[in-house]
Amino acid sequence: EMSFKHRGEATENICYDMLLTVCGPDKVFRGVKISRNKGETVTDADVLALLGNKAIIIQAKSKKLTELARQGNEDRLKSDFKEGIQKAFEQGLASRSAMLDHTAEFISGTGEKIQISEAVDDAYIVCVTSDEYPALIHQVEAYLSKTSSDPHPIVVTLFDLEIIAYYLSDPFELFYYVRQRTKLAGYFRGDEMSLLAYHLNQKLYPVPKQDYVYVDQTMAQLIDANYPVAR
């Protein structure tokens, strides 16, 4: 129980530090409590980043994949997914709706009130896992339960997030990527590093006369070759 709590806090802290380097200390907050009337907490956002009229809500989860799930047991895969990613997504949705209807109060982990501009008109949900989940994007397609009006989340591992923050170190570029990834989640298929490499190469933008685009894993080799050297 204790180690699980510390894993959760560590995951949240690492996400916060990564976004801090991109967006700066006055735009990134962690452990954000979201409350409506009389200070009753509705939900909380692990990390919140703001840029102009857009926001990124990060829900960090340190739920480990159980041994049975790793062996491909479908029931365990589904239950692990529900405990980790589905719950994080639903928490993100609650934070997003509170932000978009401008009725809630946002208090950071240090106790200060965060001024959310009335102009904020969209918030992107990013679920971050501390563990490597095999075939993460495919699991999201298969198991994530959402209504047609809910936005798609991005689900990434901590290591994915580190690489994304490294290559998209300008806040406008990071927010643009996250926007395109969430808006076009059903259109661009492939693993996260392939999609990032595609984006760095030619931007995630719909291709005329194509119903969807499958980005092959060979795209990710561009990052595999460049990242360790650049780092």
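Everything discussed here concerns the structure shown above.
Here the structure is a predicted model, which means the values were calculated and not measured. (Residues numbered from 1 in each chain as written. Predicted model: local features only at pLDDT ≥ 70, side-chain atom pairs only at ≥ 80, totals over all residues. Heavy atoms only, no water.)

Engineer: When you look at the overall build of the chain in this model, what are you seeing that I'm missing?
Structural biologist: Helix and strand content of the chain: eight helices and eight strands. Against the globule reference of 17 Å for 231 residues, the chain gives a C-alpha radius of gyration of 17 Å, in line with a compact fold. In terms of overall dimensions, the chain has a C-alpha envelope of 50 × 40 × 40 Å along the principal axes. Per-residue burial for the chain yields a buried fraction of 48% across its 231 residues. Counting contacts in the chain only where the partners sit at least 6 residues apart, residues at least 24 apart contribute 66% of the total. Carbon and sulfur atoms make up 51% of the accessible area of the chain, which amounts to about 11900 Å² in all. Counting 26 positive and 33 negative side-chain charges, the chain places the centres of these two groups 3 Å from one another. (Helix = DSSP H or I, 4+ residues; strand = E, 2+ residues; numbered from the N terminus. Rg over C-alpha atoms; globule rule 2.2 N^0.38 Å. Buried < 20%, exposed > 50% of the residue type's maximum accessible area, 1.4 Å probe, protein only. Contact = heavy atoms within 4.5 Å. Areas by Shrake-Rupley, 256 points an atom, 1.4 Å probe, with all protein chains shown as cover. Lys, Arg positive; Asp, Glu negative; His and termini not counted. Charge placed at Lys NZ, Arg CZ, Asp CG, Glu CD.)

Engineer: Help me out: how do you make sense of helix 3 (residues 74-100) in this one?
Structural biologist: Residues spaced three or four apart along an α-helix point in a common direction, a consequence of the helix completing one turn every 3.6 residues. With 27 residues, helix 3 extends 36 Å from end C-alpha to end C-alpha; this agrees with the ideal 39 Å at 1.5 Å per step. Along helix 3, the sharpest change in direction is near 40° and occurs at Lys 82. Note on helix 3: the residue one or two positions beyond its end, His 102, has a positive phi of about 55°. (Expected span 1.5 Å × (residues − 1). Bend = angle between axes of the 7 residues up to and from the residue.)

Engineer: Please clarify how the side chain of Gln 91 should be interpreted in this entry.
Structural biologist: Mapped onto the elements, Gln 91 comes out in helix 3. Under the relative-accessibility criterion, Gln 91 is labelled buried at 18%. For Gln 91, the residues in contact, after removing those within four places along its chain, are Thr 43, Asp 44, Gln 59 and Lys 61.

Engineer: What exactly am I supposed to notice about the packing of helix 6 (residues 171-183) against helix 7 (residues 192-202) here?
Structural biologist: Helix-helix packing is characterised by the crossing angle of the two axes and by the distance between the axes. Relative to each other, helix 6 and helix 7 sit at 120°, their axes nearing to 12 Å. For the element pair helix 6 / helix 7, the angle class is oblique. Two packed elements cross with a definite hand, and for helix 6 against helix 7 that hand is right-handed. Packed against helix 6, whose contacting residues are Tyr 176, Tyr 177 and Arg 181, the element helix 7 presents Glu 192, Leu 195, Leu 196 and His 199 at the interface. Partitioning the contact of helix 6 with helix 7 into residue classes produces four nonpolar, one polar and two charged. (Axes fitted to C-alpha atoms, helices over the stretch in contact; angles between N-to-C directions. Parallel < 35°, antiparallel > 145°, perpendicular 65-115°, else oblique. Left-handed = near helix turned anticlockwise from the far one by under 90°. Nonpolar A, V, L, I, M, F, W, Y, C, P; charged D, E, K, R; others polar.)

Engineer: What should I look at first to understand the nonpolar core in this one?
Structural biologist: Inside soluble globular proteins, nonpolar side chains tend to come together where they are buried. Counting residues in each nonpolar core, the largest one holds 45 residues, and the members touching the most others are Ile 56, Ile 58, Phe 188 and Leu 196. If you look at the next biggest cluster of nonpolar residues, it comprises 16 residues, including Val 32, Leu 50, Phe 106 and Ile 116. (Core = buried A, V, L, I, M, F, W, Y, C linked by side-chain atoms within 4.5 Å.)

Engineer: Just to check I follow, could you spell out the side chain of Lys 54 for this structure?
Structural biologist: Tracing the backbone through its elements, the reader meets Lys 54 in strand 3 (residues 54-61). Judged by its relative accessible area of 18%, Lys 54 falls in the buried class. Among the polar contacts listed, one links the side chain of Lys 54 to the side chain of Asp 121, at a separation of 2.6 Å. Beyond its immediate sequence surroundings of up to four residues, Lys 54 is in contact with Ala 49, Asp 121, Asp 122, Tyr 124 and Phe 175. (Polar contact = N/O pair within 3.5 Å; in protein donor to acceptor, adjacent residues only side chain to side chain.)

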